[in-house]
Structures are given as C-alpha cells and as structure tokens.
Amino acid sequence: SLAFAVRANLALLEERIGQGAVRIALGGGLARSPTFPIILADIQGLKARDLVSLRRQVKAAKGSLKVAKKTLIDLALKGLEQAKGLSAKESLGEIAVLFSQEDPLPSLKSLFNFAKENEKLKLLAGIFDHSLLNQSELLTLAQLPSRNDLLAKLLGTLKQPLTGLAYALQGNIKGLITVLAKAKT
C-alpha cells in the first residue's frame, strides 16, 4: 500500500542521510494545480467497480481521484494555509482526494453526479480558489451551471436589447416602405 511504500522510502532516506524527514508533502495534484482545488470525499462502503467507474468519470472531466491514508492526507494539507481546520482523521470512513489541473468544476460535478446515484459517496469538504468550503458550499458549487452555459446566458442577456432594437427598427422601415408603396399607387 501507499503508506508502507512511503514508510519504507522514509526509512531508506533516513538511513542514507542520517536525518529524519522534517516535512512530508503529497505532490501531484497539489503541485500542479495553481488554484489548489482539493475535494475530500468519504468513499466508505463503495465497491471496487464503483470506485473504478468514479475514477473514469473524474478522469474524463480532467480530474484525478486518489485514495490515501488519512495521516498522509493530513500531512499534505498541513502545509497549506487554506486547510487550517481541515482534518481527514476526523472523518470516520475512507477518504478520497479529488484534484483538478484545469477547470475544477467539471471534476466536482462528476463527483456530485456520482454521489447522487450512489449514496455511499459523501462530499466532506474542500479547498477551492484558496478558500476552505464545507459540504453545503461544495454541493452548491457543484450544482452551478457550467462555465460555457453561464457564458451563453450572459451573451443572450447582452444580445437581447440589441435584437429587440433591430426588430423595432426593421418594423419601422417595413412600415415606411408600405406607406411609400401605397403613396406611389
């Protein structure tokens, strides 16, 4: 398991350099993500095939789902100022961590949609855009429309007054042409 591999590597490192590790950090998602979108989810009771399916959905949304020991997660979060008060050890179940290297909302939405179908998956907390979010805030964020949908609504809102003005002017021009055509005959 990951914990045994980390422990063995730490022991080997201590043996070679004669010093213990001062700080341990999980790399990968934390290191590559500029906005630190990290979501903790309880996966206690999920079957292996469901977890594989969830990982595929998250990967399709350009995210990454990792399962790790609570101690390692807490050690990785310890160095993040935004994670103060967030502890994986306080939760009762197994913990999965969702990372996203790009837009984090699609990954969060895939996790949320999976949780709707499978009640054993529970969103716990997360760090999003340098802010600590609780479960209800994560659920609200997951239910927001996608960025493209919001941009389409904004464009429609901006376009509506111009479209109305164009139709009004077009109606006046048609009326003027009708009056001129009747005056000509």
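Residues numbered from 1 in each chain as written. Predicted model: local features only at pLDDT ≥ 70, side-chain atom pairs only at ≥ 80, totals over all residues. Heavy atoms only, no water.

**Q** Can you tell me about the confidence of the model for the protein chain, naming the residues and giving the values?
**A** Averaged over every residue, the pLDDT of the protein chain is 79; the share at 70 or more is 82%. Every residue in residues 29-33 is under pLDDT 50, and counting partners more than four places away or in other chains gives 9 contacts. (pLDDT = per-residue confidence, 0-100. Contact = heavy atoms within 4.5 Å.)

**Q** For the pairing of strand 4 (residues 122-128), give the residues involved together with the corresponding values.
**A** Burial runs high along strand 4: 5 of the 7 residues are buried. In terms of strand pairing, strand 4 meets strand 5 (residues 131-133) through 3 bridges, oriented antiparallel. Bridging across to strand 5, Phe128 finds its partner in Ser131. Linkage of strand 4 to strand 5, two consecutive antiparallel strands, is achieved through a turn of 2 residues, within which Asp129 is found at a positive phi near 55°. (Buried < 20%, exposed > 50% of the residue type's maximum accessible area, 1.4 Å probe, protein only. Helix = DSSP H or I, 4+ residues; strand = E, 2+ residues; numbered from the N terminus. Pairing = 2+ DSSP bridges.)

**Q** An account of a nonpolar patch on the surface is requested, with residue identities and associated values reported.
**A** A grouping of Leu151, Leu154, Leu155 and Leu158 is seen on the molecular surface, where their side chains present a nonpolar patch of about 400 Å² in accessible area. Here Leu151 falls in the partly exposed class, since its relative accessible area comes to 38%. (Patch = residues over 30% accessible without salt bridge, like charges linked within 9 Å, V, L, I, M, F, W, Y side chains within 5 Å. Areas by Shrake-Rupley, 256 points an atom, 1.4 Å probe, with all protein chains shown as cover. Salt bridge = Lys/Arg side-chain N within 4 Å of Asp/Glu carboxyl O.)

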